[in-house]
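Results of the structural survey
So the chains spell out like this:
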Amino acid sequence: MAAADAKPRLNVPPSMAAALRLDPQPPVGARRLAEAPRTPSPSSKSTTYSDRFIPCRSSSRLHNFALLDSPSKDDTPYSRLLRAELFGPDSPSPGAAASSPNTNTNLFRFKKDHSAATSPFAAAATDPHNDCTAGSGETAASPPRKVPKTPHKVLDAPSLQDDFYLNLVDWSSHNMLAVGLGTCVYLWSASNSKVTKLCDLGPRDTVCAVHWSREGSYLAIGTGLGDVQIWDTSRCKRIRNMGGHQTRAGVLAWSSCILSSGSRDKNILQHDIRVPSDYISKFSGHRSEVCGLKWSHDDRELASGGNDNQLLVWNQRSQQPLLRFTEHTAAVKAIAWSPHQQGLLASGGGTADRCIRFWNTANGNVLNSIDTGSQVCNLAWCKNVNEIVSTHGYSQNQIMVWKYPSMSKVATLTGHTMRVLYLASSPDGQTIVTGAGDETLRFWNIFPSVKTQTPVRDIGLWSFSRSHIR
């Protein structure tokens, strides 16, 4: 008997012993997954194998295709598209690693600011995911355009309030961002990242709303005490202070020479900056705080939303609303007029409503209603394509891009950890900035460009003498 630890032996006929030999060496560049018996060929002594092989990873590296870091000069649009699809939009171009290994691909780059302790904005984080060719739809070969899922820039915004009823961020036609932080208003240039402190309202007051004039040189500020101020941003000088509200003015809207302000006192005041009086008319139709206010693109109609769940439409000649929509079941802050179709108005409801509704103000009909699943905080229509972006609060804190009129989702973006309460669009219509109570501002490239941009309309807002402003 064999020893206990000896391997058992098989009784194999001698004629089959040779057939069960293992091949001593697998083919080069492959490894053997399983061994199978070989059968002698009747016509020759060659052997046929039925093994299955898996290619060796080292023999099929993607470097061999010159798509990653080969110093090839092939940088055609097709190669860039293929490289982006395989490795992501942040993959280096051919030869980039060899020529400039430390190149920073961020769209916005910051040098370290040693005065960051006194600056309200600091680069909190950036993402090199800013290859906008895939998101702009400019490549003819690409199917539906892709929207980058991460912001290309994130800025710290300390003391940015988490208050649904305020409007603290606006982007001017001169590419200047105005942000209300506590008692101060700061200006941030999107061209050179320069930060300017415009004003400090003092310890007894707070900033509740900021809104640029359409020609971009003057900023209106609504305060916690109910005042409406106008500032010349080129000189950092206040040129007008208008009263009339009993409590905070949380929303503003320009129309030619008329500045409209909505307040917690339930009223909407019309300020004509050509006359010395504080306001020329008062609209009283809401039963609670006015938190949404937008003029139509032709300046004929003013839409207002309130904490009374109502959406009202006014014009300059009437002291009573032309239309009163009561379908929303929560506060209406989010309002946007379509730049593509006259009389098309969109509105969004708060936590108990969560719907985006579309209205025809010519006949007062509701056109559509979409349940978004979250509190609707802001709406903005893209002027380059017929799409609309919405920002949300409870409970998803997301940003959603929709195609109109199908209302199919183009993209859903996340990143903010609190309600996305503030929204503004860049002058070229391609980028949006969002703000939240997490004290960050995030910049997203979500819309495609157009070959010819619509010039900013010169409305002659400040063509009169400065002596008229008191």
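Residues numbered from 1 in each chain as written. Predicted model: local features only at pLDDT ≥ 70, side-chain atom pairs only at ≥ 80, totals over all residues. Heavy atoms only, no water.

Description of the overall build of the protein chain
Assigned secondary structure in the protein chain consists of four helices and 31 strands. Long-range pairs, those at least 24 residues apart, make up 48% of the contacts in the protein chain between residues at least 6 apart in sequence. In the form shown here, the protein chain has an accessible surface area of approximately 23,700 Å², with 52% of it arising from carbon and sulfur atoms. (Helix = DSSP H or I, 4+ residues; strand = E, 2+ residues; numbered from the N terminus. Contact = heavy atoms within 4.5 Å. Areas by Shrake-Rupley, 256 points an atom, 1.4 Å probe, with all protein chains shown as cover.)

Points about the UniProt feature "repeat: WD" (unreviewed entry) in the protein chain
Residues annotated by UniProt as "repeat: WD" (unreviewed entry) correspond here to residues 283–324, 325–369 and 413–446. Helix makes up 0% of residues 413–446 and strand 56%, whereas the separation of the span's terminal C-alpha atoms amounts to 10 Å. (UniProt positions renumbered as here; feature names shortened; annotations may be inferred.)

Some points on the sheet that holds strand S6 (residues 176–181)
What the four strands build is an open sheet, ordered S5-S6-S7-S8; its pairing is antiparallel. Across the chains shown, the open sheet's two edge strands, defined by having one partner strand only, are strand S5 (169–171) and strand S8 (195–200). On average, adjacent strands in this sheet sit at an angle of 20° to one another, irrespective of strand direction. With six bridges joining them, S6 and strand S7 (residues 184–189) adopt antiparallel strand pairing. Pairing of Gly 180 across the sheet is with Val 185, part of S7. (Pairing = 2+ DSSP bridges. Axes fitted to C-alpha atoms, helices over the stretch in contact; angles between N-to-C directions.)

Digging into the pairing of strand S13 (residues 249–255)
Where burial is concerned, most of S13 is hidden: seven out of the seven residues are buried. Both S13 and strand S14 (residues 258–263) contribute to a ladder of six bridges, which runs antiparallel. Paired with Leu 252 across the strands is Ser 261, a residue of S14. Adjacent in sequence and paired antiparallel, S13 and S14 are bridged by two residues, among which Ser 256 carries a positive phi angle near 50°. (Buried < 20%, exposed > 50% of the residue type's maximum accessible area, 1.4 Å probe, protein only.)

Quick word on the nonpolar core
Counting 36 residues, the largest nonpolar core has Leu 177, Leu 219, Ile 221 and Leu 441 as the members making the most contacts within it. In terms of residues, this core owes the most to one element, S7, which gives five residues. (Core = buried A, V, L, I, M, F, W, Y, C linked by side-chain atoms within 4.5 Å.)

Points about helix H2 (residues 77–87)
Those residues of H2 not exposed but buried are Ser 79, Arg 83 and Ala 84. Seen end-on, H2 carries its buried residues on one side only, within an arc spanning 135°. Counted as exposed and oriented over 90 degrees from the buried face of H2: Pro 77 and Tyr 78. (Arc of directions from axis to C-beta.)

Quick look at the environment of Asn 368
With respect to the secondary-structure elements, Asn 368 resides in strand S24 (residues 365–371). It is 8.2 Å that separates the C-alpha atoms of Asn 368 and Ile 356, two residues lying twelve residues apart in sequence. Leaving out residues up to four positions away in the same chain, Asn 368 has contacts with Ile 356, Arg 357, Phe 358, Pro 405 and Met 407.

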